[in-house]
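# A closer look at the structure
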Amino acid sequence: MSNQKKRNFQIEAFKHRVVVDPKYAEKTWSILEHAIHEIYNHNASGLSFEELYRNAYNMVLHKFGEKLYSGLVATMTAHLKEISKSIEAAQGDLFLEELNRKWNDHNKALQMIRDILMYMDRTYIPNTHKTPVHELGLNLWRDNVIHSSKIQSRLLSMLLELVHRERTGEVIDRGLMRNIIKMLMDLGSSVYQEDFEKPFLEVSAEFYMGESQKFIECCDCGDYLKKAELRLNEEIERVTHYLDVKSEVKITNVVEKEMIANHMMRLVHMENSGLVNMLLDDKYEDLGRMYNLFRRVPNGLSTIRDVMTSHLREIGKQLVTDAEKLKDPVEFVQRLLDEKDKYDSIISQAFSNDKTFQNALNSSFEYFINLNNRSPEFISLFVDDKLRKGLKGVSEEDVEIILDKVMMLFRYLQEKDVFEKYYKQHLAKRLLSGKTVSDDAERSLIVKLKTECGYQFTSKLEGMFTDMKTSQDTMQGFYASHPELTDGPTLVVQVLTTGSWPTQPSITCNLPAETSALCEKFRSYYLGTHTGRRLSWQTNMGTADIKATFGKGQKHELNVSTYQMCVLMLFNNADRLSYKEVEQATGIPASDLKRCLQSMACVKGKNVLRKEPMSKDIGEDDAFFVNDKFTSKFYKVKIGTVVAQKESEPEKQETRQRVEEDRKPQIEAAIKRIESLIERDFLERDNNDRKLYRYLA
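A brief structural summary. As the structure is a computational prediction, the values presented were derived from the model and not from experiment.

Each neighbour pair has its own omega, and for Glu-612 with Pro-613 the value is -10°, a cis peptide bond. Here Pro-613 lies in the loop between β4 (609-612) and β5 (623-626). The phi torsion at His-42 lies on the positive side, around 65°, for a residue other than glycine. Positionally, His-42 belongs in the loop between α1 (24-40) and α2 (49-61). Owing to a relative accessible area of 57%, His-42 belongs among the exposed residues under this scheme. The residue Lys-63 is not glycine, and still its phi comes out positive at about 70°. By the secondary structure assignment, Lys-63 is in the loop between α2 and α3 (65-89). The exposed category is assigned to Lys-63, whose relative accessible area is 74%.

Looking now at the packing of helix α7 (residues 152-167) against helix α9 (residues 189-218). Across the interface, α7 lies against α9 with an axial gap of 11 Å and an inter-helix angle of 40°. Considering the angle they form, α7 stands oblique to α9. Here α7 and α9 pass one another in a crossing that is right-handed. Across the interface between the two elements, Gln-152, Leu-156, Leu-159, Leu-160, Val-163, His-164 and Arg-167 of α7 pack against Asp-195, Phe-196, Pro-199, Phe-200, Val-203, Ser-204, Phe-207 and Tyr-208 of α9.

The next thing to look at is the pattern of salt bridges. Under the counting rule described, the total for this entry stands at 42 salt bridges. Put simply, Arg-388 and Asp-384 hold a salt bridge, and the shortest N to O gap is 3.0 Å. Of this pair, Arg-388 and Asp-384 are both found in helix α18 (residues 375-390), four residues apart, which corresponds to roughly one turn of the helix. Each of Glu-166, Arg-167, Arg-174, Glu-235, Glu-237 and Arg-238 takes part in one network of salt bridges that share partners.

A separate point is the packing of aromatic side chains. Here the structure, examined in full by the defined rule, presents 23 aromatic pairs. Their ring planes at 75° and their centres at 5.3 Å tell us that Phe-332 and Phe-378 sit as a pair that is edge-to-face. Pair noted here: Phe-332 is in helix α16 (residues 329-349) and Phe-378 is in helix α18, with a separation of 46 residues, a long-range link. By the ring-pair criterion, three or more aromatic residues cluster together here, those being Phe-478, Tyr-479, Phe-522, Tyr-525, Tyr-526 and Trp-537. Above the face of the Phe-357 ring, Arg-305 is positioned so that its terminal group lies 5.5 Å from the ring centre. The ring of Phe-410 carries the charged tip of Lys-416 above its face, separated from the ring centre by 5.5 Å.

Right, let's talk about the sheet that holds β5 for a bit. In spatial order, the strands read β3-β5-β4; together these three strands make up an open sheet with antiparallel pairing. Of all the strands in the sheet, the pair left with one neighbour each is β3 (576-578) and β4. Across the sheet, the mean angle from the axis of one strand to that of its neighbour is 30°, orientation sign disregarded. Bridge count between β3 and β5: three bridges; the pairing is antiparallel. Counterpart to Arg-576 in the pairing with β5 is Phe-625. Of the strands in this sheet, β4 and β5 are in contact with helix α26 (residues 590-601), which crosses β4 at around 110°.

Procedures and definitions
- Here the residue numbers are simple positions, counted from 1 along each chain's written sequence.
- Owing to the predicted nature of the model, reporting of local features is limited to residues with pLDDT of at least 70; listing and counting of side-chain atom pairs is limited to 80 or more, with chain, interface and lining totals taken over all residues.
- Hydrogens and waters are ignored; side-chain quantities use all the structure's heavy atoms.
- A run of H or I in DSSP counts as a helix once it spans at least four residues, and a run of E counts as a strand once it spans at least two, with each numbered from the N terminus.
- Here's how the labels work: a residue is buried when its accessible area is under 20% of the maximum for its type, exposed when over 50%, partly exposed in between, all with a 1.4 Å probe on protein chains only.
- With axes taken as lines fitted to C-alpha atoms, and helix axes fitted only over the stretch in contact, angles between N-to-C directions fall between 0 and 180 degrees.
- Note that the term roughly parallel is reserved for angles under 35 degrees, roughly antiparallel for angles over 145, roughly perpendicular for angles of 65 to 115, and oblique for everything else.
- A crossing counts as left-handed when the near helix is turned anticlockwise from the far one by less than a right angle, and as right-handed when that turn is clockwise.
- Contact between two residues is taken to exist if any of their heavy atoms lie within 4.5 Å; hydrogens are not considered.
- The salt bridge criterion pairs a side-chain nitrogen of Lys or Arg with a carboxyl oxygen of Asp or Glu, the two atoms within 4 Å.
- Only centres within 6.5 Å qualify two rings of Phe, Tyr or Trp (six-membered ring in Trp) as a pair; their planes then separate them into stacked at under 30 degrees, edge-to-face at over 60, and tilted for everything else.
- Comment: the charge-over-ring label is applied if NZ (Lys) or CZ (Arg) is within 6 Å of the ring centre and within 35 degrees of the ring normal.
- A pair of strands is labelled paired if DSSP reports no fewer than 2 bridges between them.

Below, the structure written as structure tokens:
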């Protein structure tokens, strides 16, 4: 069986010829044509769609597809021409309603016809590359109805009129508008764009050009921006309700160009209401609206930023060069911080925390802060004020906020080494007088400075804290080795490392005998426990607590400077002393002595001494005696030394000179580094030239 050849079976076509009635096509098309008429006449309920489908199927099967297709085109065209006349006859607002109704009828009819002719749609039409039934129905509607000479222009004018009426405050039938616009979109994007969108955008541009001109003449900047924002939102809402979503970008561009871009400069510079006035009056809402509108147009944000920067630099320049405002350094820095807080809030709340605006703000502050060469000194004085008394009772979080603000100003300084000099001087005075409000705050600021500038910047500052701790241990050892000193005057010495602390002129004065003896004992103890060291006394930086008894036995404890102590102790042995006698007995330099006497004799509430003649200034012919009538509601009375908060001009020159001297090694090192780089670059080029020469040779 396997060796036998397999036979191939084949089924042959039925050879009996089918005879078709010559009038078959006419009869069948007549049935289908009648059905199409009935569908358009709303009489489709009596039709048998199964029978109609079979008839259409057989026509295609018997090669009468062309007759079926051309007949469909002719029949639909005839009906649409009649529909067009019906729509044309509609008057007024009924025109769009009639158009919408006939469009819905046509779609329903088209769906039924498509069902009947489904076989033709699936076989004949793809094979002959003809237009499918549904698309054909849309094209015929477009050509015979929408593009009818009596309908096309009328339809456009009515649609534009309705949009205009809505823009002027009237309520229109948005549902009807949505249906008509959707009809145009269904007919193809080109129909929607050419028959409606393009003229719609042109008319809108004219409308907003005129409206913006009217508003700009009668409104202030804030009101104009509100109207522009309202119009923009209205157009976006209009798109949402009845326009193509792709039209949103186009119509918003029209509004942005006509209402914003064309009037930007006039708006920002508008008198009494423009950008500068908004900034001065903290109009966050108006500023936010301007930012959000201007960001939509080219160069909008740069326009705002440039005006803000120019304004900031102008007011900053006035602030740092106003002689009246420079009298109080603490108030000066506080004004800077208030101005920074103000614009930080504006950028955060109105300008979406835009980094480019923040950069412009930082650039402006850096510009005008450095216009005043005393800014480093004033910032250090501000820190000194806060860390002496300004942070009492303030929470740790608030302390950190204040220190961060100080660091912000510090970053703007170009001469950070000048700040370092002043900060070191002020820190030294705080530490030595024990007047710092918080060691944690002091150390926190040093950590921030180290993070910003590196270890080298703060190494000496940290050394000052180390000396303070070491001095405490030294004093404990001193009194442990001299138990007999516990009953007499008490001495507290801070031993300072010369390299870590600000350089001070070594000014000596004649200490009272009791204090001088204690100092000598401490010197002997310290030099006996530390070999190879030297001690020099800085009496101008010390303080003392002394007990005093005034008339009627009133007792007080006075907190005074070392110089003031030396003066007051003289009155234990004298009732009246002249200026010359005080100067000779104490050896205090004249300028320091006058401030010392002025603070004790001329300051109300602190005048433990009296002088003759009575005046605000100290003269060399004055005489001094104890004020027996001195009273105070406090037992402990602090008597400060009258001293200028800012440096005097000679002191400023001296500080500047020290800074310049410290810069010299760094400048020389930088020059050497540059020279080395130039030399290395020259050698590399020379070697490359030689290699090239050898290669060419």
